[in-house]
Amino acid sequence: MKITFVLISCLLASCASPPSVRRDSLVGEWRYADDLQSCRYHFKRDGRFTGEVTSRDKLVSKFTGTWAVQGDRLLYTYISDELGRIPAGAT
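Residues numbered from 1 in each chain as written. Predicted model: local features only at pLDDT ≥ 70, side-chain atom pairs only at ≥ 80, totals over all residues. Heavy atoms only, no water.

K.L.:
What is the right way to look at the pairing of strand E5 (residues 73-81) in this model?
P.N.:
For a regular strand, the rule is simple: side chains alternate between the two faces of the sheet. Sheet topology note: the strand E4 (residues 58-70)/E5 ladder contains 8 bridges and is antiparallel. Looking across to E5, one finds that Phe63 is bridged to Asp81. Linking two consecutive strands that pair antiparallel, namely E4 and E5, is a turn of 2 residues; a positive phi of about 65° is found at Gly71 within it. (Pairing = 2+ DSSP bridges. Helix = DSSP H or I, 4+ residues; strand = E, 2+ residues; numbered from the N terminus.)

Below, the structure is given as structure tokens:
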């Protein structure tokens with residue numbers, strides 16, 4: 001459950017944006033880190049993303065998915081997680 005909270009926290013931090021977000025402004029690598037955890041996302045131009053979450057320097061999730069921008073929202077769907085933390089199809 002804590003891992004899910006960590007992932008949601010990272011995602012919420014990455015979703016904060018002005019009302020008129022251009023898709024191109026999100027392409028690239030995004031990171032979040034604090035004393036206990038870090039989260040990295042790489043949003044690709046073709047609508048795919050990859051990323052990973054570490055907690056206390058231990059890899060806890062390594063995932064792939066698809067993403068899109070709709071208005072002022074970042075929409076994403078997970079395709080896979082190598083460590084089985086996020087189920088395929090989670091949004």
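Back to the text.
K.L.:
What's the story with the sheet that holds E5 in this structure? I'm lost.
P.N.:
In a beta sheet, neighbouring strands pair by backbone hydrogen bonds and run either parallel or antiparallel. Overall, antiparallel pairing links the 5 strands, which are arranged E1-E2-E3-E4-E5 in an open sheet. The open sheet has two edge strands with one neighbour each: strand E1 (28-33) and E5. Neighbour-to-neighbour, the strand axes of this sheet turn through a mean angle of 25°, independent of strand direction. For E1 and strand E2 (residues 37-43), the ladder comprises 6 bridges, and the chain directions are antiparallel. Following the sheet pairing, Ala33 is matched in E2 by Ser38. (Axes fitted to C-alpha atoms, helices over the stretch in contact; angles between N-to-C directions.)

K.L.:
Even after reading the chapter, I still don't get the confidence of the model for the protein, so can you show me in this structure?
P.N.:
The predicted coordinates of low-pLDDT regions are not to be read in fine detail. Looking at the protein as a whole, the pLDDT averages 86, with 77% of positions reaching at least 70. Element-level mean pLDDT values for the protein span from 57 in helix H1 (residues 2-15) up to 97 in strand E3 (residues 48-55). (pLDDT = per-residue confidence, 0-100.)

K.L.:
Can you walk me through the packing of aromatic side chains in this structure?
P.N.:
Geometry of an aromatic ring pair is reported as the spacing of the ring centres plus the angle between the planes. As enumerated under the stated definition, the model contains 10 aromatic pairs in all. With a centroid separation of 6.4 Å and 90° between ring planes, the pair formed by Phe49 and Tyr76 is classed as edge-to-face. Residue Phe49 is located in strand E3, and its partner Tyr76 is located in strand E5; the two are separated by 27 residues in the primary sequence. Taking relative accessible area as the criterion, Tyr76 reaches 16% and is therefore assigned buried. (Phe/Tyr/Trp six-rings, centres within 6.5 Å; stacked < 30°, edge-to-face > 60°. Buried < 20%, exposed > 50% of the residue type's maximum accessible area, 1.4 Å probe, protein only.)

K.L.:
Just to check I follow, could you spell out the side chain of Ser61 for this structure?
P.N.:
Structurally, the position occupied by Ser61 is in strand E4. Using a relative accessible area of 0% as the deciding quantity, one classes Ser61 as buried. Within polar-contact distance, the side chain of Ser61 engages the side chain of Asp81 at 2.8 Å. (Polar contact = N/O pair within 3.5 Å; in protein donor to acceptor, adjacent residues only side chain to side chain.)

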